Amino acid sequence: MSSSKVNIDEIKKNINKKSGDWIKVGMSTCGIAAGADKVLEKFQEEKERRNLDIRLEKCGCAGMCYAEPLVEIRVKGMPQVVYGKVDAKVVVEIIDRHVLRKQLLDDHIYNIKVQ
Amino acid sequence: MKIILIKDTGPTEKTKIIYDLFNALLRDAGMHADYQVVRAADIGIYGKGVVVKIFPGDIVYQNVQEDDVNNIIDTTLKQNKPIKDLRLDFQNKQIRIVLRNCGVIDPEKIDDYIGQDGYQGIKKVLQKFDPEKVIDEMKTSGLRGRGGGGFPTWMKWNFARGVEMDQKYIICNADEGDPGAYMDRSVLEGDPHSVLEGMMIAGYTVGASKGYLYIRAEYPLAIERCQKAIDQARVYGFLGENILGCGFNFDLDIRLGAGAFVCGEETALIASIEGKRGCPQPRPPYPSIKGLWGKPTVINNVETLANVPVILHKGGAWFSKIGSETSKGTKVFALTGKVQNSSLIEVPMGITLREIVFDIGGGVLDNKKIKAIQTGGPSGGVVPEDLFDTPVDYENLLKLGSIMGSGGMIVMDEDDCMIDISKFYLGFCVEESCGKCAPCRIGGTQLLNILTDISEGKATMSDLDRLTKISSAMQKASLCGLGQSAANPVLSTLKFFKKEYHGHIVEKTCQAGKCSGLFKYEIIQKKCKRCGLCQRNCPVGAIPGDKDKGYLIEQEKCIRCGRCFDVCKFEAVAR
Ligand SMILES: Cc1cc2nc3c(=O)[nH]c(=O)nc-3n(C[C@H](O)[C@H](O)[C@H](O)COP(=O)(O)O)c2cc1C
Ligand code: SF4
Ligand code: FES
């Protein structure tokens, strides 16, 4: 029997080793309809403008349709938070407050995971 | 980091008051630098007054009043002791199996999926299980089809496995045509690899080397992401020949559905892939014996397939611990309608409708009175509020005259008219009927005519008998599930809301104000404060008058939109 092209366990180990800060934007039909693509763009823009060391990622829909666009964020020293009803203005607030000053935003938290 | 998260979960609106109080008192105590006091938009708990969550420790307090704030600071924050009287034992009612990766991984990156135990199921199966063993695990799991019927998945696979044939097929049914349903779309968009892996496992088990994903063309993003997933899986050698070096060959292609509801029916779907008109065929033979191009074909729903990798990875016994006696695992529902949180939820089978609507959905919109919940879409029925404590599973819903269906769940309140609802669903089926068999084609139209008469106040009580007779003929004699179940919404509303039918037929009134011929809006002069809001809001100028003379609704002009009724702050508009 020939060996397979990739080693699943190796990939799994590597991907889960990835650390650092990230921001995920829910980019399914529902999210995009609510403006998630603009949110992602704005994050991209702010990230470049301020030279931030943070990974920007896309993900599917977490199910909270009533709160789209949804953004989940993990920043060192902060709990992992899901922000909802995010628009360009809130993006700037997330960067200014959550990412840079390590302060949670009022009125946009939909979920919070404290390790 | 220490956090105090605050949210008034109703009915008062005290979030801000308690928030300010915490900030002020923490400052007085010289502790405000240690804590972040935050207002949540949603705290996952509903109808429990002001909810305060304290991290770390995950302490949850409910019905917090102004007076309690000092106590919380003294007892919990300073002395680290919980306050029993305020404590809320809170458990998240959702369990994520199907949606395990949705919103977690990047669906366009196969490595992300692998990072979450993706492709571990197929790996285990190919390396350690023979097909019988897979069937055994599936049997132990108790997984039943999520496409509506609830047929045991292992049995379907076993039928196809039992037939000796040079070629067999696996089809994923992603036609999702029910109005109000988008569960499958979310899975395909959020975690396409889980469906691919499920199809691979099915393929190995029954001895199929080819699969098709039948996706409705209206789902471009789902199609795009599935295609990417297939391409990536091919590059990784998970699709193609000699998969994982285990000698198993399997490949997948996408076929597009043109958006006809009936094409979601398995035999019609198969005809459509074969390039024929999407018309249902009589069964038996069932597709698992004689399906696509006459070959044994397993056809499973998206959600069914997304469960499969987890079952094989974690074991059938693990899966069967979740759910009710007859229905194992979870179900994804698209909860919509007059509910606070329109959302995609995944709950264990056996949860009650009340928990779904109130604990997860956050209750009814605008404090209206809840009337019923519709499950199963055009093939389903309504469950009235007094039966909301029924645990949700295949059998229970069937007993109530509804069905599990694919997972649409629509909450209805006092403004929803049951005749109007039946008309909507029946109209949908009449529109979507392929017309091949008479009971569905003719019966459906007849039913719709009667319902229309009822909604216009032109029916008589004897029409109700005709409704039941035609319905039962359609159930018995229609060729496919569409016609067999099209009358379900009618029968079910008739069963639980006969009074509404009577109201329309005898008193010629529509309490919900939906059947526009059967009610009117009028201004109750005694209650009217002459604010003029109704006049300004009427889109057709049907409310003449002024602040001195008062206002009147001109019935000839009124289009019964209900704007005046909604905007009047003094309840001076009657329906
Ligand atoms: C009119 C009609 C429409 C249907 N539409 C769908 C659909 O959109 N998706 C689906 O999975 N099953 C649909 N079904 C059920 C399929 O015929 C079939 O039972 C199902 O795909 C089997 O998968 P399961 O065993 O995994 O549930 C439909 C049935 C009927 C009668
Ligand atoms: S029941 Fe209706 S949809 Fe089904 S085959 Fe007959 S006419 Fe066509
Ligand atoms: S479908 Fe994405 S949040 Fe509802």
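Scroll up to find the structure this text is about.
Residues numbered from 1 in each chain as written. Chains lettered and ligands numbered in written order. Predicted model: local features only at pLDDT ≥ 70, side-chain atom pairs only at ≥ 80, totals over all residues. Heavy atoms only, no water.

Caption draft 1: Inspection of the overall build of chain A at higher detail. Within chain A one finds four helices and five strands. For chain A, the succession of helices and strands along the chain, N to C, is α-β-α-α-β-β-β-α-β. Dimensions of chain A, computed from C-alpha atoms along their principal axes, come out at roughly 55 × 30 × 30 Å. Buried positions account for 50% of the 115 residues belonging to chain A. The long-range fraction of contacts in chain A, counting pairs at least 24 apart against all pairs at least 6 apart in sequence, stands at 61%. With an accessible surface of roughly 5,700 Å², chain A has 48% of that area assigned to carbon and sulfur atoms. The positive charge centre, built from 21 side chains, and the negative charge centre, built from 17, are 5 Å apart in chain A. (Helix = DSSP H or I, 4+ residues; strand = E, 2+ residues; numbered from the N terminus. Buried < 20%, exposed > 50% of the residue type's maximum accessible area, 1.4 Å probe, protein only. Contact = heavy atoms within 4.5 Å. Areas by Shrake-Rupley, 256 points an atom, 1.4 Å probe, with all protein chains shown as cover. Lys, Arg positive; Asp, Glu negative; His and termini not counted. Charge placed at Lys NZ, Arg CZ, Asp CG, Glu CD.)

Caption draft 2: Just the sheet that holds strand β2 (residues 35-39) of chain B, in detail. All names here are of chain B. In spatial order, the strands read β2-β1-β3-β4; together these four strands make up an open sheet with mixed pairing. With one partner strand each, in any of the chains shown, β2 and β4 (59-61) form the two edges of the open sheet. The sheet shows a mean angle of 15° between the axes of neighbouring strands, direction not considered. Relative to β2, strand β1 (residues 2-8) runs parallel, the two being bridged by five bridges. The partner of isoleucine 6 across the bridge, within β2, is arginine 39. Across the sheet, helix α1 (residues 15-28) is in contact with β1, β2 and β3 (50-55); its angle to β2 comes to roughly 170°. (Pairing = 2+ DSSP bridges. Axes fitted to C-alpha atoms, helices over the stretch in contact; angles between N-to-C directions.)

Caption draft 3: The arrangement of the pattern of salt bridges in detail. All names here are of chain B. One pass over the full model with this rule turns up 44 salt bridges over all chains. A salt bridge links glutamate 385 to arginine 354, with the nearest nitrogen and oxygen atoms 3.1 Å apart. Of this pair, glutamate 385 sits in the loop between β13 (381-384) and α14 (394-399) while arginine 354 sits in helix α13 (residues 353-360); the two residues are 31 residues apart in sequence, bridging distant segments of the chain. Glutamate 385 gets classed as partly exposed once you look at its relative accessible area, which sits at 25%. Relative accessible area serves as the criterion here: at 25%, arginine 354 is assigned to the partly exposed category. (Salt bridge = Lys/Arg side-chain N within 4 Å of Asp/Glu carboxyl O.)

Caption draft 4: Here's a closer look at the nonpolar core. Residue and element names in this part refer to chain B. Tyr119, Trp157, Val195, Leu213 and Phe238 are the most contacted members of the largest nonpolar core, which totals 73 residues. For this core, the element with the most residues is helix α8 (residues 192-206), which contributes eight residues. Split by domain, the residues of this core number at least three in each of domain 2 (110-320) and domain 3 (330-413). (Core = buried A, V, L, I, M, F, W, Y, C linked by side-chain atoms within 4.5 Å. Domains from an automatic or database assignment.)

Caption draft 5: Quick look at the packing of aromatic side chains. All names here are of chain B. Tallied over the full model, the rule gives 13 aromatic pairs over all chains. Between the aromatic rings of tyrosine 169 and tyrosine 212, the centroid separation amounts to 6.2 Å while the plane-to-plane angle is 35°, which identifies the pairing as tilted. Of the two residues, tyrosine 169 sits in strand β5 (residues 169-174) while tyrosine 212 sits in strand β6 (residues 210-216), which places them 43 residues apart along the sequence. Tyrosine 169 sits in the buried class, given a relative accessible area of 10%. (Phe/Tyr/Trp six-rings, centres within 6.5 Å; stacked < 30°, edge-to-face > 60°.)

Caption draft 6: Quick look at the packing of α1(B) against helix α2 (residues 68-78) of chain B. Residue and element names in this part refer to chain B. At a closest axis distance of 9 Å, the pairing of α1 and α2 adopts a crossing angle of 55°. By the angle class used here, α1 and α2 are oblique. Crossing of α1 over α2 shows right-handed handedness. Here Ile18, Leu21, Phe22, Leu25 and Leu26 of α1 lie close against α2, whose contacting residues are Val69, Asn70, Ile72, Ile73 and Leu77. (Parallel < 35°, antiparallel > 145°, perpendicular 65-115°, else oblique. Left-handed = near helix turned anticlockwise from the far one by under 90°.)

Caption draft 7: Just the site of ligand 1, in detail. Residue and element names in this part refer to chain B. Around ligand 1 lies a shell of 18 residues, among which Gly147, Lys156, Glu176, Asn301 and Thr304 are the nearest. In the environment of ligand 1, an oxygen atom lies 2.7 Å from a nitrogen or oxygen atom belonging to the side chain of lysine 156. In the environment of ligand 1, an oxygen atom lies 2.7 Å from a nitrogen or oxygen atom belonging to the side chain of threonine 304. When isolated, ligand 1 has an accessible area of 610 Å², and the protein chains bury 87% of it. At the level of secondary structure, the elements contributing two or more residues to the shell around ligand 1 comprise β9 (297-301) and α18 (481-485). Per-element tally for the shell around ligand 1: the top contributor is β9, with three residues. Among the residues making up the shell around ligand 1, the classes are represented as three nonpolar, nine polar and six charged. (Near = heavy atom within 4 Å. Polar contact = N/O pair within 3.5 Å; in protein donor to acceptor, adjacent residues only side chain to side chain. Nonpolar A, V, L, I, M, F, W, Y, C, P; charged D, E, K, R; others polar.)

Caption draft 8: Region of interest: the site of ligand 2. Taken together, 13 residues are adjacent to ligand 2, and Cys434(B), Cys437(B), Cys440(B), Cys480(B) and Gly483(B) come closest. Taken together, the residues of the shell around ligand 2 sort by class into eight nonpolar, four polar and one charged.

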